[in-house]
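Spelled out from the first residue to the last, the chains are:
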Amino acid sequence: MSAQPPLSPPGPPGTAPYPAGAPGAGYSAGGAVYPDGASGYPAPGQPGYPTGGQPGGAGYPAGGSGYPAPAQPGYPAGGQPGYQAGGQPGYQAGGQPGYPTDGQPGYPAGGQPGYQAGGQPGYQAPGPSGGLPSNNDNKAGFANQGYGVTAPLVTSDMKAAEANMAPGLTPSAPDLVIPGYENMHPENDLPLPPPAYNDVTPEYVPYNTSKTFKMEDDEARDALLEYVAQHCCYGKGAAKKMKFEDMISTSALHYTLETFLETRRTKWAHMPYSGGFVDGPENGMAPGAWEIVQPCAALFADQTVEVEVPHTASVRSCFNCFGMGFKTCYHCHGRGHTRCTMCHGNGRRHDGSDCSSCRGGERRCNHCHARGQVICPNCVGSGKLKKYIQLTVQFKNHVSSHVVEDTDLPDELIRKVTGEIVFEQSAYYVAPVSGYPDPSIDHKSQEFVTNHGSLPTTNLGRILQQRQKLQCVPVFECHFKFNDDKGRFWVYGLQKEVYTKDYPQTCCCGCSIL
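Note that this is a predicted model, so its numbers are computed, not measured. Residue numbers restart at each chain and count upward from 1, following the sequence in its written direction. Local features in a predicted model are, by the rule used here, given only for residues with pLDDT of at least 70; side-chain atom pairs are given and counted only at 80 or more, and totals for whole chains, interfaces and linings are based on all residues. Remark: hydrogens and water are excluded; side-chain values derive from all non-hydrogen atoms of the structure.

1. Describing the confidence of the model for the protein
Definition in use: The predictor attaches a confidence to each residue, and that confidence, scored 0 to 100, is pLDDT. Secondary structure elements are taken from DSSP: a helix is a run of H or I of four residues or more, a strand is a run of E of two residues or more, and numbering for both begins at the N terminus. Residue contacts are counted whenever heavy atoms from the two residues lie within 4.5 Å of one another.
Scored by pLDDT, the protein comes out at a mean of 72, with 61% of its residues at no less than 70. When mean pLDDT is compared element by element in the protein, strand β4 (residues 303-308) scores highest at 96, while strand β2 (residues 150-152) scores lowest at 31. Contacts for the low-pLDDT stretch residues 1-174, under 50 throughout, to residues beyond four places or in other chains number 193 contacts. In the model, residues 510-514 has pLDDT below 50 throughout and makes 13 contacts with residues more than four positions away in sequence or in other chains.

2. Considering the environment of I421
Mapping I421 onto the fold places it in strand β11 (residues 420-427). Not counting chain neighbours up to four residues away, the residues in contact with I421 comprise K469, L470 and Q471.

3. Concerning the nonpolar core
Defined as follows: The nonpolar core is taken to be a set of buried Ala, Val, Leu, Ile, Met, Phe, Trp, Tyr and Cys residues, with the residues joined through side-chain atoms within 4.5 Å. Using a 1.4 Å probe on the protein chains alone, a residue whose accessible area is under 20% of its type maximum counts as buried, one over 50% counts as exposed, and one in between counts as partly exposed.
Membership of the largest hydrophobic core comes to 36 residues, with the highest contact counts inside it found for L224, Y255, I441, L470, F489 and Y503. Residue assignment for this core shows that the elements contributing at least two residues are α2 (217-229), α3 (236-241), β3 (243-272), β11, α5 (439-453), β12 (461-482) and β13 (485-492). Broken down by element, this core gets its largest block of residues, six residues, from β12. The residues contacting Y503, other than those within four sequence positions of it, are L224, V228, Y234, G235, K236, A238, A239 and M242. Judged by nonpolar contacts, the second largest core, of 15 residues, contains I178, W268, V309 and L464.

4. A closer look at the side chain of E405
Selection rule: Neither His nor the chain ends is counted toward charge; the positive residues are Lys and Arg and the negative residues Asp and Glu. Just to be clear on terms, a salt bridge is a Lys or Arg side-chain nitrogen sitting within 4 Å of an Asp or Glu carboxyl oxygen. Two N or O atoms count as a polar contact when they lie within 3.5 Å, although within protein this holds only if one can serve as hydrogen donor and the other as acceptor, and sequence-adjacent residues are included solely when both atoms are side-chain atoms.
In this fold, E405 is placed in the loop between β10 (384-404) and α4 (411-414). Among buried Asp, Glu, Lys and Arg side chains, E405 stands out as unpaired, with R488 the closest opposite charge at 9.5 Å. A distance of 2.5 Å separates a polar atom in the side chain of E405 from a polar atom in the side chain of T407. Apart from the residues within four sequence positions on either side, E405 is in contact with T250, A252, D411, I414 and V475.

5. Some remarks on a nonpolar patch on the surface
In plain terms, the rule: Each patch is built from residues that are more than 30% exposed by relative accessible area and take part in no salt bridge. Like charges join if they lie within 9 Å; nonpolar side chains (Val, Leu, Ile, Met, Phe, Trp, Tyr) join within 5 Å. Computed by Shrake-Rupley with a 1.4 Å probe, the accessible areas treat only the displayed protein chains as cover when residues are assessed.
Among the surface-exposed residues, F322, M324 and F326 lie close enough to one another that they form a single nonpolar patch of about 280 Å² accessible area. In this structure, F326 sits in strand β6 (residues 326-328).

6. Topic: the side chain of T259
Its place among the elements puts T259 in strand β3. A distance of 3.1 Å separates a polar atom in the side chain of T259 from a polar atom in the side chain of Q466. Leave out the neighbours within four places in its chain, and T259 touches K396, N397, H398, H452, L455, I463, Q465 and Q466.

7. What to know about unusual backbone geometry
Here V380, not a glycine, exhibits a phi torsion of approximately 55°, which is positive. Inspection of the secondary structure puts V380 in the loop between β9 (373-375) and β10. Residues other than glycine seldom take positive phi values, yet K496 does so here, at roughly 60°. Turning to its location among the elements, K496 is positioned in the loop between β13 and β14 (497-500). For K496, a relative accessible area of 37% puts it in the partly exposed group.

Below, the structure is given as structure tokens:
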């Protein structure tokens, strides 16, 4: 028994898949019903079909095909719509099943299945697995609309972002264009050159000559005892019993030039917004970076101040959480629980008993308190950010110093103490020292003043104040003898600090030697 050949799929609405025939003209009125009322089987008793007209039963003609030979009564002549020449119903030339020959009405040339001629709407191409198409049969990110075209697929993230965009917020994609800040870098805050200002003529100031300092032996011993008390490994006995053989008084010169410089930078910044006034461009034109008045707290002291540039603020949804106010917990990945580290997620210990540290191998996430979500760190749960231009004003004191000291005392120690002031001057611009008895002071002063004069150019800032100072620091080199040991120490500065490498009574065990 041969199988019944497949029926050709229906054509466009209103088109019969098989030639319409009146009942009794090769198709029975009670046969299988096809679109437009066309019957699909001949009436019982027609030549070529067994009695009863049911396919698959006995009475089919020889050859096992189950259908009569060409030109048998009950089939239309060759060339009728819907059939090929040769009499095999429902097949095209070339053996493609289920579709009429090329050029038949209702189907495109080439026999491509599933589309009408001219792209009539209402029919889609079957998917790779057959049947109606699905979104899985299309390219990722697009959904088939059933009209031979594709459209972007709206994902859940896009819907969530759109749903959480509060009304009245500035779109987060394009930044506001603030006049005067068009060339501002979106990420880095670069220094801005200050406006031009008039140079100030430096003034010369008089100075006094170096002073001579004196110190008695008892003062030197008291300074040494205080120094020994600060070191646990030094014994006091040597400082009390040593004899001073000589004390040489010298003076060190310490010259410093300070330049207090101001620089300004701007960049886009944001902060959590939970309500309140927003100073946006609708309130006026934003002032220039150097037009904003920002005083310093104290001269010659480093400090940094950050302020919001007026009329540059706007409110928008948080870019980190898409306006939700919270994010998935990174520790438990949104599950609210983590794997137990005591039982490695098994829920039981090595002896087979239940793990007392968890329930079923999982523990409560302490980062999100089992909620699976944490508050967004950017917006602190508000879902909104206020974006504005931030002005950073930096006040920095640039210092250059020079020490003239003739003994073996390290120059770095002289810079840490104070002395008698020979002269001091503060002005917008200071003049270099000239005519001092020590020519190295004149040379270094001229060098420092020249170098500091280029700071506004190299740092793109402006000088607020300059100050130069020359100090005469007292230095006493004391030579002593303790038992058979000889050595020396220095007492320097108005603070009477002590420096020595020859102290005779030391130990390395951490004890205190009396």
